[in-house]
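Summary of structural features
Residue strings, one per chain:
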Amino acid sequence: MQVDSPQTDHIHRRALVIDDHPLFCDALELTLRNAADFDDIATAATLAGGIEALKGDGARRDLIVLDLNLPDVTGLDGLIRLKTQAPETPIIVVSSMAENAIISAAIEAGAAGYVPKHSPHGEFRAALEAIFGGATYLPENFVECERSPNRSDAVTRLASLTAQQARILELICDGKLNKQIAFELSIAETTVKAHVTAIMRKLAVQSRTQAVLVAQQAKFATILPRSET
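Residues numbered from 1 in each chain as written. Predicted model: local features only at pLDDT ≥ 70, side-chain atom pairs only at ≥ 80, totals over all residues. Heavy atoms only, no water.

**Things to note about the sheet that holds strand E1 (residues 13-18)**
Basically, it comes down to this: In this description, strands pair whenever DSSP reports at least two bridges between them. Every helix listed is a DSSP run of H or I at least four residues long, and every strand listed is a run of E at least two residues long, numbered separately from the N terminus. Helix axes are fitted to C-alpha atoms over the stretch in contact, other axes to C-alpha atoms as well, and angles between N-to-C directions run from 0 to 180 degrees.
Here we have five strands laid out as an open sheet, ordered E2-E1-E3-E4-E5, and parallel in their pairing. Edge positions in the open sheet fall to strand E2 (38-44) and strand E5 (113-116), since each of these has one partner strand only. On average, each strand axis in the sheet is tilted by 20° relative to the strand beside it, whichever way the strands run.

Here it is in structure tokens:
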């Protein structure tokens, strides 16, 4: 049985694919064009490149496709930063990781759907139909996990940061000092200090170390079960 396209009238749809594997990007672009009539598809190999693409678009994207494993981001903080940058745009996570805990956490962090990379073409098409129909898409074999209160709280607090604050927190997690952050972002050190104060207030912490600990709650290391090896 043929599945109808999620688009009934011809409209211009614009997507952004963020994935560091060129062949997979090409495959996703072809799928988006064929399955949902997207005619404007930008690609980026890093989260930073994706955010720059969003800033320079001049018009919002109708869909973002995101790989969680990118060279410049770890865990769910990339998804959270994208949601801050484009809060009205649905994000489909397409990842090689198919653990129920990660899928649950991604949906909790704001993803509109989750498709494992090993899924057949038809599953991605079904995800598009669900999302454009206003639903959340989950893989067929997904089993919902019990939510971690600590992670849920961390995700909520991180989601309250602006895009610039999220970037500064990322640099704090890298061990950068205010002067180094100011240099990297080409802003005044006093501006960095103001942002750091706002970050700590929004995260309800008293120190940079505590802010880093909150950010760590959104990392894969706190979601996946520990290896026995």
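Still more ground to cover, so stick around.
**Section: helix H4 (residues 100-108)**
Here is the rule we go by: Exposure categories follow from relative accessible area, calculated using a 1.4 Å probe and restricted to protein chains: below 20% of the type maximum is buried, above 50% is exposed, and the middle band is partly exposed.
Among the nine residues in H4, seven count as buried, and that is most of the element. Among the residues of H4, Ala 101, Ile 102, Ile 103, Ser 104, Ala 105, Ala 106 and Glu 108 are the ones counted as buried. Two residues or fewer past H4, Gly 110 is found with a positive phi of approximately 120°.

**A short note on the side chain of Arg 81**
Inclusion rule: Polar contacts, as counted here, are pairs of nitrogen or oxygen atoms within 3.5 Å of one another; within protein the pair requires one atom able to donate a hydrogen and one able to accept it, and residues that are adjacent in sequence qualify only if both atoms are side-chain atoms. In what follows, residue pairs with any heavy atoms lying within 4.5 Å of each other are defined as contacts.
Along the chain, the position of Arg 81 falls in helix H3 (residues 77-85). A polar contact of 2.5 Å, which involves the side chain of Arg 81, links it to the side chain of Glu 170. Residues contacting Arg 81, with those up to four places away along its chain left out, are Leu 47, Ile 51, Ala 166, Arg 167 and Glu 170.

**Overview of the pattern of salt bridges**
Inclusion rule: We count a salt bridge whenever a side-chain nitrogen from Lys or Arg sits within 4 Å of a carboxyl oxygen from Asp or Glu.
Using the criterion set out here, one finds 10 salt bridges in the structure. For Glu 170, the salt bridge is made with Arg 81, and the minimal N-O distance between the two is 2.5 Å. You can see Glu 170 sitting in helix H7 (residues 163-173) and its partner Arg 81 sitting in helix H3, a full 89 residues away along the chain. Assigned by exposure class, Glu 170 and Arg 81 land together as buried. Ionic pairing is found between Lys 176 and Glu 184, a salt bridge with its closest N-O pair at 3.0 Å. The class for Glu 184 is partly exposed, based on a relative accessible area of 37%.

From the geometry alone we can't say anything about function, so treat these as descriptive.
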